[in-house]
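# Structural overview
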Amino acid sequence: MRVIIVENYDSMSRLAAKFVKEELVRKPDLVLGLATGSTPLGLYKELIRMHKEEGLDFSKVTTFNLDEYVGLPKNHPESYHTFMWENLFKHININPSNIYIPDGTVEDIEAHCVWYEEKIAEKGGIDLQILGIGRDGHIGFNEPGSSLASRTRIKTLARETREDNARFFGGDISKVPKYAITMGIGTIIESKKLILLASGANKRDAIKKTVEGPITAMVPASMIQIHPMAIVIVDQEAASLLEREYETWEG
Ligand code: PGA
């Protein structure tokens, strides 16, 4: 695992964008795994800037999002469909038919999850997966206790996660969906490359356990320790409990 400590959220976002750009230039038809939440917003802003100012081309890119709430219509302001369109897709030249996000409104969720896995395989697998991390160590919506070999499926959200996300639902936890469709840990780990991002002191316990703790289903992100090409970009606050020496980036 390559751990890179940067000063703050802004430098985390810029370094992540630099890695995405390198991959995209090397492989214009990149299959990119995307995440939602506050963490990747700066990365997406920087990619939009690179598209507008430097001509970074997304026309051949395919994307797969990690997860989506069950029961929210696609056009709900807090659906991950809306999030991705507002914060990235509508600002870049991606082909809408190359965008995949789990659909939380389907009747047959199980069949949809199988279809999602098949689509990923059909596109040759995910080249680069972007990940945030929950305070409880989740990746995607794989909450503690998720099978480390899990595939795309429906999961019950942890109370901690629903509390954290209540801020997007007017602070009312009862409005936060209870279930989500998420790529599994097994799905995520099969990506050819992973970049996990974390910023802020509220992520420092999760980062300490992910990077320096044992691999355990109780900290799903710790599974990235077995990945041959995982990069963890953390700001100083998120890295503040790490005890070993790591690479730094001052850019
Ligand atoms: P956040 O969420 O980026 O909003 O902190 C991360 C996550 O829950 O995976």
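Conventions used here
- Residues numbered from 1 in each chain as written.
- Predicted model: local features only at pLDDT ≥ 70, side-chain atom pairs only at ≥ 80, totals over all residues.
- Heavy atoms only, no water.
- UniProt positions renumbered as here; feature names shortened; annotations may be inferred.
- 1 Å grid on protein atoms, 1.4 Å probe; cavity = no way out; pocket = protein on both sides within 12 Å on 5 of 7 lines; lining within 4 Å.
- Helix = DSSP H or I, 4+ residues; strand = E, 2+ residues; numbered from the N terminus.
- Buried < 20%, exposed > 50% of the residue type's maximum accessible area, 1.4 Å probe, protein only.
- Contact = heavy atoms within 4.5 Å.
- Pairing = 2+ DSSP bridges.
- Axes fitted to C-alpha atoms, helices over the stretch in contact; angles between N-to-C directions.
- Near = heavy atom within 4 Å.
- Polar contact = N/O pair within 3.5 Å; in protein donor to acceptor, adjacent residues only side chain to side chain.
- Areas by Shrake-Rupley, 256 points an atom, 1.4 Å probe, with all protein chains shown as cover.
- Sits in = over half its atoms within 2 Å of the grid points.

The chain has the name Glucosamine-6-phosphate deaminase in an unreviewed UniProt entry, where candidate division WOR-3 bacterium is given as its organism. One UniProt comment on the chain, placed under Function (unreviewed entry), says "Catalyzes the reversible isomerization-deamination of glucosamine 6-phosphate (GlcN6P) to form fructose 6-phosphate (Fru6P) and ammonium ion."

## Re the UniProt feature "active site" (unreviewed entry) in the chain
Look at the UniProt record and you will see "active site" (unreviewed entry) annotated at Asp67, Asp136, His138 and Glu143. Residues from the annotated list that form part of the lining of the largest pocket: Asp67 and His138. In this fold, Asp136 is placed in the loop between strand S6 (128-131) and strand S7 (153-156). On the basis of relative accessible area, Asp136 is assigned to the buried category, the value being 10%. The contact partners of Asp136, leaving out residues within four places of it in the chain, are Glu143, Pro144, Ala158, Glu160, Thr161, Met218 and Pro220. Topologically, His138 is positioned in the loop between S6 and S7.

## Quick word on the sheet that holds strand S8 (residues 179-182)
Strands sit in the order S4-S8-S7 across an open sheet of three strands; the sheet is antiparallel. Each having just a single partner strand, strand S4 (67-69) and S7 make up the two edges of the open sheet. Pairwise comparison of adjacent strand axes, ignoring direction, gives a mean angle of 30 degrees for this sheet.

## Let's talk about the site of the ligand
Surrounding the ligand, one finds Gly37, Ser38, Thr39, Gly132, Ile133, Gly134, His138, Arg167 and Lys203. Arg167 has a polar side-chain atom sitting 3.3 Å from an oxygen atom of the ligand. Considered on its own, the ligand offers 280 Å² of accessible surface; in the complex 83% of this is hidden by protein. In this structure, the ligand is accommodated by the largest pocket.

## Side note on the UniProt feature "site: Part of the allosteric site" (unreviewed entry) in the chain
As recorded in UniProt, the feature "site: Part of the allosteric site" (unreviewed entry) lies at Ser146, Arg153, Lys155 and Thr156. Its place among the elements puts Arg153 in strand S7. Arg153 sits in the buried class, given a relative accessible area of 18%. Setting aside residues up to four positions removed in sequence, Arg153 forms contacts with Cys113, Asn142, Ser146, Ala180, Ile181, Thr182, Met183 and Gly184. Each residue touching Thr156, except ones within four places of it in the same chain, is listed here: Glu143, Lys178 and Tyr179.

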